Amino acid sequence: FEQSDNVLVAEGLTKFFAGFAAVKDVNLSVRRGSIHALIGPNGAGKTTCFNLLTKTLSPSSGRILFDGDDISALRSSQVARRGLVRSFQISATFPNLTALENVRVALQSRFGAAYHFWRSLTAVAPLNKRAQELLEQVGLADSRNVAAAELSYGKKRALEIATTLALEPIVLLLDEPTAGMGHEDIEPITRLIKAAAVGRTVLLVEHNLSVVSNLCDRITVLQHGQTLAEGSYAEVSGNPAVISAYMGG
Ligand code: ADP
């Protein structure tokens, strides 16, 4: 197991808010091809960590390495273009557009100005074909002509993942993908994340521990802005410090 097998690494990541350390000296290694969860009690620093990794926030100190490069000084748009993509960050869905149109817009935004140039020369067909594939991948093929606003909550989240996948992430970051979902939506979204993880790396913040145990190869547990434990689900769930953190100890 070599260092280069880690696609995303945080070293000594620290963030102060007005003198208060929300994240303090966190080391994180996300292995290429893994599904990795960031868990911990409320206020542990998970969201702040996510915001630091995507450069939505600038760290007070520490380094972030993505695919071997130091991205600490880059802006979030630059980080996203390199393939470290967070669901919601780039790909807002448009309520009045259909599912297919939403994915097409995301594909177009990825090709950017080049797309507008080539559009006059090439057909829209390949774009529609790719959009259709992405909808199939997230189980929305039958809903392609439905306006995003009309989709169920679970299907909206699936559409958001499809628009994020349109950006071809190397590492896909998902912030509480099952939040607010009833159990009828949790099983499909779990399957969807597993499918989306094929050939890429997924890092997620997730509260539902049964989702974490079903889905994740590795888990980092945060508490009070610091790393409490890192390992497989079996390893961290058997760790007395983790048990005590979750029991409010
Ligand atoms: P989690 O996502 O694990 O619930 P957060 O990263 O949201 O934790 O928050 C960690 C700590 O940092 C909390 O105590 C929170 O109140 C504090 N915090 C988060 N964002 C800010 C901010 N912008 N300004 C001040 N304090 C913040």
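Note that the structure is predicted; figures quoted are calculated from it, not measured.

### A look at the overall build of the chain
Next, step 1: Scanning the chain from N- to C-terminus turns up nine helices and 10 strands.
Next, step 2: The C-alpha atoms of the chain give 19 Å as radius of gyration, which agrees with the globular expectation for 249 residues (18 Å, within 12%).
Next, step 3: Based on the C-alpha atoms only, the size of the chain along its principal axes is roughly 60 × 40 × 40 Å.
Next, step 4: For the chain, the residues scored as buried account for 41% of the 249 residues in total.
Next, step 5: Long-range contacts, defined here as pairs at least 24 residues apart, represent 68% of the contacts in the chain between residues at least 6 apart.

### Digging into the confidence of the model for the chain
Next, step 1: Within the chain, residue pLDDT values average 89, and 90% of them lie at 70 or more.
Next, step 2: Among the prediction metrics, the complex's ipTM stands at 0.97, with pTM recorded as 0.90.

### A short note on the site of the ligand
Next, step 1: Around the ligand sit Phe17, Ala22, Gly40, Asn42, Gly43, Ala44, Gly45, Lys46, Thr47 and Thr48, and those are all the residues in its vicinity.
Next, step 2: No other element matches the three residues that helix H1 (residues 46–53) contributes to the shell around the ligand.
Next, step 3: For the shell around the ligand, the class distribution of residues is three nonpolar, six polar and one charged.

### Here we look at the sheet that holds strand E1 (residues 6–17)
Next, step 1: Here we have four strands laid out as an open sheet, ordered E2-E1-E4-E5, and antiparallel in their pairing. At either margin of the open sheet sits one strand with a lone partner, and together these are strand E2 (20–31) and strand E5 (69–70).
Next, step 2: With two bridges joining them, strand E4 (residues 61–66) and E5 adopt antiparallel strand pairing. Opposite Leu65, over in E5, you have Asp70 as the bridge partner.

### As for the packing of helix H5 (residues 153–165) against helix H6 (residues 183–196)
Next, step 1: For the pair H5 and H6, the least separation of the axes is 10 Å and the interaxial angle reads 10°. Relative to H6, the element H5 is oriented roughly parallel. Taken together, the residues of H6 that come into contact with H5 (itself represented by Tyr153, Gly154, Arg157, Ala158, Ile161 and Leu165) are Asp185, Pro188, Ile189, Leu192 and Ala196.
Next, step 2: In terms of residue class, the contact of H5 with H6 is made up of eight nonpolar, one polar and two charged.

### Observations concerning the environment of Ala229
Next, step 1: Along the polypeptide, Ala229 turns up in strand E10 (residues 226–231).
Next, step 2: On the basis of neighbour counts, which here come to 20 C-beta atoms within 10 Å, the residue Ala229 falls in the buried class.
Next, step 3: Distance from Ala229 to Ile39, taken between C-alpha atoms, is 10.0 Å for residues 190 residues apart in sequence.
Next, step 4: With near-sequence residues (within four places) excluded, Ala229 lies in contact with Val221, Val236, Asn239, Ala241 and Val242.

### Some points on unusual backbone geometry
Next, step 1: Positive phi values are uncommon outside glycine, yet Asp25 reaches one of about 55°.
Next, step 2: Tracing the sequence through the fold places Asp25 in strand E2.
Next, step 3: Phi is positive for Asp67, close to 55°, though the residue is something other than glycine.
Next, step 4: Note on placement: Asp67 falls in the loop between E4 and E5.

### Thoughts on the sheet that holds strand E3 (residues 35–39)
Next, step 1: The six strands are arranged E6-E7-E8-E3-E9-E10 in an open sheet whose pairing can be described as mixed. Two strands bound the open sheet, and with one partner strand each, they are strand E6 (84–86) and E10. Neighbour-to-neighbour, the strand axes of the sheet open up by a mean angle of 20°, direction not taken into account.

### Section: the pairing of strand E8 (residues 201–205)
Next, step 1: Of all the five residues making up E8, five are buried; the element is thus mostly covered by neighbouring parts of the structure.
Next, step 2: As defined by bridge partners, E3 adjoins E8 across four bridges and the pair is classed as parallel. Counterpart to Ile35 in the pairing with E8 is Val202.
Next, step 3: In terms of strand pairing, strand E7 (residues 171–175) meets E8 through five bridges, oriented parallel. Residue pairing across strands places Leu172 opposite Val202, the latter belonging to E8.
Next, step 4: In this view, the connection linking E7 to its parallel neighbour E8 by way of H6 has right-handed handedness.

Conventions adopted
- Residues numbered from 1 in each chain as written.
- Predicted model: local features only at pLDDT ≥ 70, side-chain atom pairs only at ≥ 80, totals over all residues.
- Helix = DSSP H or I, 4+ residues; strand = E, 2+ residues; numbered from the N terminus.
- Rg over C-alpha atoms; globule rule 2.2 N^0.38 Å.
- Buried ≥ 20, exposed ≤ 12 C-beta atoms within 10 Å, placed from the backbone.
- Contact = placed C-beta atoms within 7 Å.
- pLDDT = per-residue confidence, 0-100.
- Near = placed C-beta within 6 Å.
- Nonpolar A, V, L, I, M, F, W, Y, C, P; charged D, E, K, R; others polar.
- Pairing = 2+ DSSP bridges.
- Axes fitted to C-alpha atoms, helices over the stretch in contact; angles between N-to-C directions.
- Parallel < 35°, antiparallel > 145°, perpendicular 65-115°, else oblique.
- Right-handed = clockwise from strand over helix to strand, strands pointing away.

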